[in-house]
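An overview of the molecular structure
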Amino acid sequence: MVSKRAFICSLGSIYLSLLFVFLLMDVYARPANNSALKEKAAAENNDENEILPPDHLNGVKMEMDGHLNKEFHQEVFLGKEMEEFDEDSEPRRNRRKLMVIFSKVDINKDKKISAKEMQRWIMEKTEEHFQEAVEENKMHFRAVDPDGDGHVSWDEYKIKFLASKGMNEKEVAEKIKNNEELKIDEETQEVLDNLKDRWYQADNPPTDLLLNEEEFLSFLHPEHSRGMLKFMVKEIVRDLDQDGDKKLTLSEFISLPVGTVENQQAQDIDDDWVKDRKKEFEEVIDADHDGIVTMEELEEYMDPMNEYNALNEAKQMIAVADENQNHHLEQEEILKYSEYFTGSKLMDYARNVHEEF
C-alpha cells in the first residue's frame, strides 16, 4: 500500500516535469524581446561611451576601479540574455526563460546540473561576452578612425576624447597640430595621462603610438590581452597598495572607500561591502591562503578564460542553491534561488509553482 506522503511526493515530481515541458513550449512560442537591443543601441550612440575604456567588463570578477563586480554571477550564467531579466518583468515569463536556460546547461538531460556542466556553460557565456566586445569594438574603432586608414594615433584619439568632454573638435585639432597649449582642467588631464599609459601598453611592438583595431580592442577591453590584463592588475594594486610592496593584504583590500556613512542604512551598506570583499579575498583571490595577494594571484583571479577559475565558480554557484546537498543544481533549487542567478526575484516560489497547473 502506497503511503499518503509517497503519493504526494510522486505527484509533485509529475507536476514539476509537466511544468518544465509547458515552460519550454511557451518560451519558444514567444517573439523576441527587442527593448534591450534598443536601449543598447542608444547607449552605443554616446560618443564618450564609444571611446572610453569602461570600468565594467562583462564576465570579469572585478571592475577596473577595484570594486567587485556585483553582477558577475548573472553575467556568466545568462550571457547576452541578462538584460531580459529584470524586476519589472512578469515573474512567470522569467521562470520560463530560466527553465529554458536550465535545459541548455543540463547537457546529459538528467534534470540536474553538475559542476562540470556549469563550468562548460560559464566558459561558453564568457566567450559570448568576448565576441560581443569584439563586435562592438569594430564600431567603436570606426568612431575614432574617421579617415578609415586602419590605424589611430594618440593625437587622433585625444582629439575625440576632448571633443566628448565638450571641447570644440576643430579647435583642439588645430592646437594639437600647431603644438599649442590646451586649457584642460586638472581632473581631465589626470584621466588623459592614465589613458596614455594604457595606450602605450596596448601598442604592440614595434611601438609607434598607432593602434590598429586589435590593439584598440585591448585598449578598451584588457581582458582580451594577457599583457593588458597584467597592466590592469598593476593599476588595481597601485590604487589599493598602501605600503608600496606591490602586494595586497586583507586590510588594504577592504580599505577602498565606499562612501560617507550618514545613517544606519548607509552603515549597513558599508558593512556588507566590507564583508563581501573580505570573503572574496580569503576564499577566492588569496589562492594559497597566506594572507597576502600577489599580482600573480590577482591576475589569475581576473582572467575570465581561466578554466580552473570557471570550475571553482561553478561549484560555488551550485553550493548557493544546493539545498539537498547532492552537489548538483536541480530545477526547483534554481527557481527558488533565482535572484542569485538572474538578478530577478521570482516571488512566492511555492505558490507560483502551484499556479502553473
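Quick caveat: nothing in here was measured; it's all calculated off a predicted structure.

How each quantity is defined
- What you see as residue numbers is a count from 1 along each chain, following the sequence as written.
- The model is predicted, so local features are restricted to residues of pLDDT at least 70 and side-chain atom pairs to those at 80 or more, both for listing and for counting; the totals for chains, interfaces and linings are taken over all residues.
- Computation of side-chain values covers all heavy atoms of the structure but excludes hydrogens and water.
- All axes are obtained by fitting lines to C-alpha atoms, using only the stretch in contact for helices, and the reported angles, taken between N-to-C directions, cover 0 to 180 degrees.
- Labels follow the DSSP assignment, with helices taken as runs of H or I lasting at least four residues and strands as runs of E lasting at least two, numbered in each case from the N terminus.
- Crossings are sorted by hand: turned counterclockwise from the far helix by less than a right angle, the near helix makes the crossing left-handed, and turned clockwise it makes it right-handed.
- The contact definition used throughout considers only heavy atoms, calling two residues in contact when any of these lie within 4.5 Å.
- Note on residue classes: Ala, Val, Leu, Ile, Met, Phe, Trp, Tyr, Cys and Pro are nonpolar, Asp, Glu, Lys and Arg are charged, and everything else, Gly too, is polar.
- UniProt positions are given in the numbering used here, feature names are shortened, and annotations may be inferred rather than shown by experiment.
- Pairing of aromatic side chains requires ring centres within 6.5 Å, counting the rings of Phe and Tyr and the six-membered ring of Trp. Pairs whose planes differ by under 30 degrees are stacked, by over 60 edge-to-face, and all others tilted.
- Remark: exposure states derive from per-residue accessible area (1.4 Å probe, protein chains only) relative to the maximum for the residue type, with buried under 20%, exposed over 50%, and partly exposed in between.
- Both a distance and an angle decide whether a charge sits over a ring: NZ of Lys or CZ of Arg must be within 6 Å of the ring centre and within 35 degrees of the ring normal.
- In this description, a nonpolar core means a group of buried Ala, Val, Leu, Ile, Met, Phe, Trp, Tyr and Cys residues linked to one another through side-chain atoms lying within 4.5 Å.
- Here, a salt bridge means any side-chain nitrogen of Lys or Arg that lies within 4 Å of a carboxyl oxygen of Asp or Glu.
- Nitrogen and oxygen atoms within 3.5 Å of one another constitute a polar contact, given that in protein one can donate a hydrogen and the other can accept it, and given that sequence-neighbouring residues count only through two side-chain atoms.

1. Quick look at the packing of helix H7 (residues 154-164) against helix H8 (residues 169-177)
Contact geometry for H7 and H8: axes closest at 9 Å, N-to-C directions at 145 degrees. Classified by chirality, the crossing of H8 by H7 is right-handed. Facing Asp155, Lys158, Ile159, Lys160, Leu162 and Ala163 of H7, the residues of H8 in contact are Glu169, Val172, Ala173 and Ile176. Within the contact of H7 with H8, the residues separate by chemical class into 6 nonpolar, no polar and 4 charged.

2. Topic: the UniProt feature "domain: EF-hand" (unreviewed entry) in the protein chain
In the numbering used here, UniProt assigns the "domain: EF-hand" (unreviewed entry) feature to residues 93-128, 132-167, 228-263 and 273-308. Measuring from the first to the last C-alpha atom of residues 93-128 gives 23 Å, for a span that is 75% helix and 6% strand. Structurally, residues 132-167 is divided into 67% helix and 6% strand, and its ends, taken at the C-alpha atoms, are 31 Å apart.

3. Examining the packing of aromatic side chains
Enumeration according to the criterion identifies 12 aromatic pairs in this entry. Plain terms: the ring middles of Phe77 and Phe341 are 5.2 Å apart, the flat faces sit at 55 degrees to each other, and that makes the pair tilted. One end of the pair, Phe77, is in helix H4 (residues 72-78); the other, Phe341, is in helix H17 (residues 338-342), and 264 residues separate them in sequence. The burial state of Phe77 is the same as that of Phe341; both residues are buried. One aromatic cluster is present, built from ring pairs that chain together Phe141, Trp154, Tyr157, Trp199, Phe216 and Phe219. Here the basic side chain of Arg277 rests over the ring of Phe253, its NZ or CZ set 4.0 Å away from the ring centre.

4. Considerations on the nonpolar core
Grouped together as the largest cluster of nonpolar side chains are 27 residues, with contacts concentrated most on Phe77, Ile101, Met118, Ile122, Leu329, Ile334 and Phe341. Listed by contribution, the elements that provide at least two residues to this core are H4, helix H5 (91-105), helix H6 (115-144), helix H15 (307-321) and helix H16 (331-336). For this core, the leading source of residues is H15, giving 6 residues. Once you skip the residues sitting within four places of it in the chain, Phe77 turns out to touch Leu98, Ile101, Val105, Met118, Trp121, Lys125, Met317, Ile334 and Phe341. Counting 23 residues, the second-largest nonpolar core is a separate cluster that includes Ile159, Val172, Trp199 and Met228.

5. Quick look at the packing of H7 against helix H9 (residues 186-202)
Contact geometry of H7 with H9 gives a least axis separation of 12 Å together with a crossing angle of 145 degrees. H9 is crossed by H7, and the crossing has right-handed handedness. Residue-level contacts link Trp154, Tyr157, Lys158, Phe161 and Leu162 of H7 to Thr188, Val191, Leu192, Leu195, Lys196 and Trp199 of H9. A breakdown of the residues in the contact of H7 with H9 according to their chemical character gives 8 nonpolar, 1 polar and 2 charged.

6. Side note on the pattern of salt bridges
Side-chain pairs of opposite charge can arise where the charged atoms are in close proximity. Scanning the entire structure with this criterion turns up 15 salt bridges. Across the salt bridge formed by Lys278 and Glu282, the nearest N and O atoms sit 3.1 Å from each other. Placement of the pair is Lys278 and Glu282 together in helix H13 (residues 264-285), with a separation of 4 residues, close to one helical turn. We classify Glu282 as partly exposed; its relative accessible area is 34%.

7. Focus on H8
Its side-chain oxygen 3.1 Å from the backbone nitrogen of Lys170, Asn168 forms the N-cap of H8. Two residues or fewer past H8, Asn179 is found with a positive phi of approximately 55 degrees.

8. Looking at the environment of Glu339
Relative to the helices and strands, Glu339 resides in helix H17. When the C-alpha positions of Glu339 and Phe85 are compared, they lie 9.8 Å apart, and in sequence the two are 254 residues distant.

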